[in-house]
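Okay, here's what each chain looks like letter by letter:
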Amino acid sequence: MFTEKIKAKEYYIKDLFSDKFLFEIPDYQRAYSWNRENLNQLVDDIEESIELNRNEFGDTFESYEPYFIGSIVLCSKEFKDDGWGLYDVIDGQQRLTSIIMLIACLRDMIDSEDYKTVLSSLIYQKPNELLGIKESLRVKVRGKELDFFKEYILSMGGTLKLINEDKSEFEEAKANMITAVEVFREKFLDEEGNILKDKINSFIKYLLQKVVLVVITTDSFTSAFRLFNVINARGLPLTNSDLLKSENLRVISSDIRAKYADMWEADEADLGKDNMEMIIGFIRTMKLKKKANTTVFEEFNKNIFVNDPEYRGIKFVEHIHSVKEIYSSYILDASINTGNKADDIYYKNLITIMRRFLPYDEWMAAVVRFVEKFNDDSMTLEFVKALEKRIVIDWVNGNSFADRLTRVYKIIDAIDNCDNGLDVKKADIFTSDIDRTAAYFENSLNDIEFYSKGRMMVPKYILIRLDMEMARDKEVSYSDKIMLEHILPRNAKDVYWTTNFSNEQRRNYANRLGNLILISGTKSTKSNNKAFAEKMSSYILKKGDFNITKEIAILSDWNMENMKNRQKDLTERCKQLFTKF
């Protein structure tokens, strides 16, 4: 598998943090992200090993069994004949950084000046002219955290400055480092806040002399990253974004790598981890236009980058940035500029509703691809209207999730094959089966159990969209607390309802579209059973300001005739809105 020379060797902590090793964490690596659970487990596992050894061997420390704490992958940058080396940390930087901070906390808590000196030497290399040793940090963290790390971790007494520090004032990685200091200090304090000196002494001795790391080294950057991917693609909590970041930055020339690492991390900071993963998924969809057969990372490595080798590296990072810009503007901000204010508002309302109330996100890849290719806001508005029609028809008709994804893939293919954006909605994928699916759509709207379609997400979406259409030129907003309510209660008890509707009518009409309305907030079974006029005034109209609900407020009664009329009216509105291309 690997042609380059690879070495693996076990090292005790005291030997790993010696004059023979200097470590650098490249800027393209993931920022420090260990949480309380990770940090507690690190210390707890070591303490458990100490206790097990103490139970078996008593005070005979020489007989204590070592404790294996994991592995790190290093790529050699400089190397001397005497075994000295400077290494980039390719994998294991979270663990390595945590151990350094643990040692720093112990240094600042212990009384013995001799111990302090020894612990300081493990994390900071003093210069020695006679021995030819330069001043250096044992572990040089990423540039963005380096000054913080020097002041609060590497400097004697630095961790004490972080006590009671407000983490909200710091960036996430630095806040996580403050958390690490808090956790490590808490482990060696009693309930009254006193330092547990005996515990610290025994812990330090075991940590330095018995805790073992497996160090895997290679002098090939490519080989190091292959090892990284093999280790981390098998279940450890690294995302596709983490893996692809490393995979692509490694092929970028070292003199400009920091620029693209900064671009990646700025985009990730703007979007957040989850959205970064999502837009990488969009790119996969745009490139392959088919259902995923393996992980996103594997699909890029084994398909996309193989089919287009030049796309790996700079082009990929720049493409993520451009997709992020489109996604942020056209989907998150829902902003276009057509020169027509009413059209711009309509787009904002429509995209916001689609993003918040459709049950899947893959359709966004089609919007991104359309904007990417045609870059025309007026065309984009017309495309999104057509896209929503097809998505909603398939959803209401009960098409499988796989079928709905296939529709999106084929729409993206139509985008790629059209030279004019206005021609996309004329493609067969939009129009070829519209008569048949429109007939199914009408039948679905008249389903006697329409209320339960799509776990009640379908009727909610339909009513919200019809309500939006009534707003037209006004910007609207719909909260996550919107609920569906029945005009005729499903479990009618009041004499008003049992007189106006027979059992069969209640059974066949209560869950139809025409009997459903929108409210905001929680439902009230008691209020819902009140007679129509009282129910509207004291309950429904106080639960939101929906135009589509106000339509029935002008009625004095709710009976079969009114229900059938509303069912017919809403069905016709849906047909006009969703089946006319």
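Residues numbered from 1 in each chain as written. Predicted model: local features only at pLDDT ≥ 70, side-chain atom pairs only at ≥ 80, totals over all residues. Heavy atoms only, no water.

### Re the overall build of the chain
Move 1: Counting its secondary structure elements, the chain contains 26 helices and ten strands.
Move 2: Evaluated residue by residue, the chain yields a buried proportion of 52% over its 581 residues.
Move 3: Contacts spanning at least 24 positions in sequence make up 74% of the contacts within the chain whose residues lie at least 6 apart.
Move 4: Counting only carbon and sulfur atoms, one obtains 46% of the accessible surface of the chain, whose full area is about 27200 Å². (Helix = DSSP H or I, 4+ residues; strand = E, 2+ residues; numbered from the N terminus. Buried < 20%, exposed > 50% of the residue type's maximum accessible area, 1.4 Å probe, protein only. Contact = heavy atoms within 4.5 Å. Areas by Shrake-Rupley, 256 points an atom, 1.4 Å probe, with all protein chains shown as cover.)

### Notes on the pattern of salt bridges
Move 1: Following the criterion strictly, the structure yields 41 salt bridges and no others.
Move 2: Between D44 and K187 there is a salt bridge; the shortest N-O distance is 2.7 Å. Here D44, found in helix α2 (residues 36-57), pairs with K187, found in the loop between α6 (172-186) and α7 (197-210); they are 143 residues apart in sequence, far enough to count as distant.
Move 3: The class for D44 is partly exposed, based on a relative accessible area of 33%.
Move 4: The partner of E182 in a salt bridge is K167, and the shortest N-O contact between them spans 3.2 Å. Within this pair, whereas E182 is found in helix α6, its partner K167 is found in the loop between α5 (143-154) and α6, the two being separated by 15 residues in sequence.
Move 5: Via salt bridges that share partners, K289, R369, E372, D413 and D416 belong to a single interconnected network. (Salt bridge = Lys/Arg side-chain N within 4 Å of Asp/Glu carboxyl O.)

### As for the pairing of strand β9 (residues 482-486)
Move 1: Most of β9 is tucked away: four of the five residues are buried.
Move 2: Looking at chain direction, β9 and strand β10 (residues 516-520) are connected through five bridges and run antiparallel. The partner of I482 across the bridge, within β10, is S520. (Pairing = 2+ DSSP bridges.)

### Comments concerning the packing of helix α11 (residues 273-288) against helix α15 (residues 363-374)
A pair of packed helices is captured by two measures, namely the crossing angle of their axes and the spacing between those axes.
Move 1: It is at 9 Å that the axes of α11 and α15 come closest, and there the two elements cross at 70 degrees. Put simply, α11 runs roughly perpendicular to α15. The residues of α15 that touch α11, namely those facing M278, F282, T285 and M286, are M364, A365, V368, R369 and E372. (Axes fitted to C-alpha atoms, helices over the stretch in contact; angles between N-to-C directions. Parallel < 35°, antiparallel > 145°, perpendicular 65-115°, else oblique.)

### Section: the packing of α5 against α6
Move 1: Running from amino to carboxyl end, α5 crosses α6 at an angle of 25 degrees, the nearest separation of the two axes being 10 Å. The pairing of α5 with α6 is recorded here as roughly parallel in orientation. As for how α5 packs across α6, the hand of that crossing is right-handed. Contacts between α5 and α6 pair K144, E145, F148, F149 and I153 from the former with A173, K174, M177, I178 and V181 from the latter. (Left-handed = near helix turned anticlockwise from the far one by under 90°.)

### Describing unusual backbone geometry
Most peptide bonds take the trans configuration, and most residues that are not glycine carry a negative phi.
Move 1: We note that A334 has phi near 50 degrees; this positive angle belongs to a residue other than glycine.
Move 2: For A334, the location among the structural elements is in the loop between α13 (314-332) and α14 (341-357).
Move 3: By relative accessible area, A334 is classed as buried at 2%.
Move 4: Despite not being glycine, R455 has its phi angle at roughly 55 degrees, a positive value.
Move 5: Residue placement: R455 occurs in the loop between α19 (434-445) and α20 (457-471).

### Thoughts on the environment of L516
Move 1: By secondary structure assignment, the location of L516 is in strand β10.
Move 2: In this structure the C-alpha to C-alpha distance between L516 and L463, which are 53 residues apart in sequence, comes to 8.3 Å.

### Observations regarding the nonpolar core
Move 1: With 98 residues, the main nonpolar core has L244, F300, W363, V367, F383 and I462 as its most contacted residues.
Move 2: Among the elements that take part in this core, helix α16 (residues 377-396) stands out by supplying eleven residues, more than any other.
Move 3: Setting aside its immediate chain neighbours within four residues, W363 contacts I351, M354, R355, L358, L387, I391 and V408.
Move 4: Within the second largest apolar cluster, 61 residues are counted, among which are F17, I25, I69 and F203. (Core = buried A, V, L, I, M, F, W, Y, C linked by side-chain atoms within 4.5 Å.)

### Brief notes about α11
Move 1: With 16 residues, α11 should reach 22 Å at 1.5 Å per residue; the first-to-last C-alpha distance of 23 Å fits that figure.
Move 2: Taken together, the buried positions of α11 are M276, M278, I279, I280, G281, F282, I283, R284, T285, M286 and L288.
Move 3: Contacts from the buried residues of α11 go to α9 (240-249), α10 (254-271), α12 (296-307), α13, α15 and α17 (401-417).
Move 4: K289 sits one or two positions beyond α11 and adopts a positive phi of about 55 degrees. (Expected span 1.5 Å × (residues − 1).)

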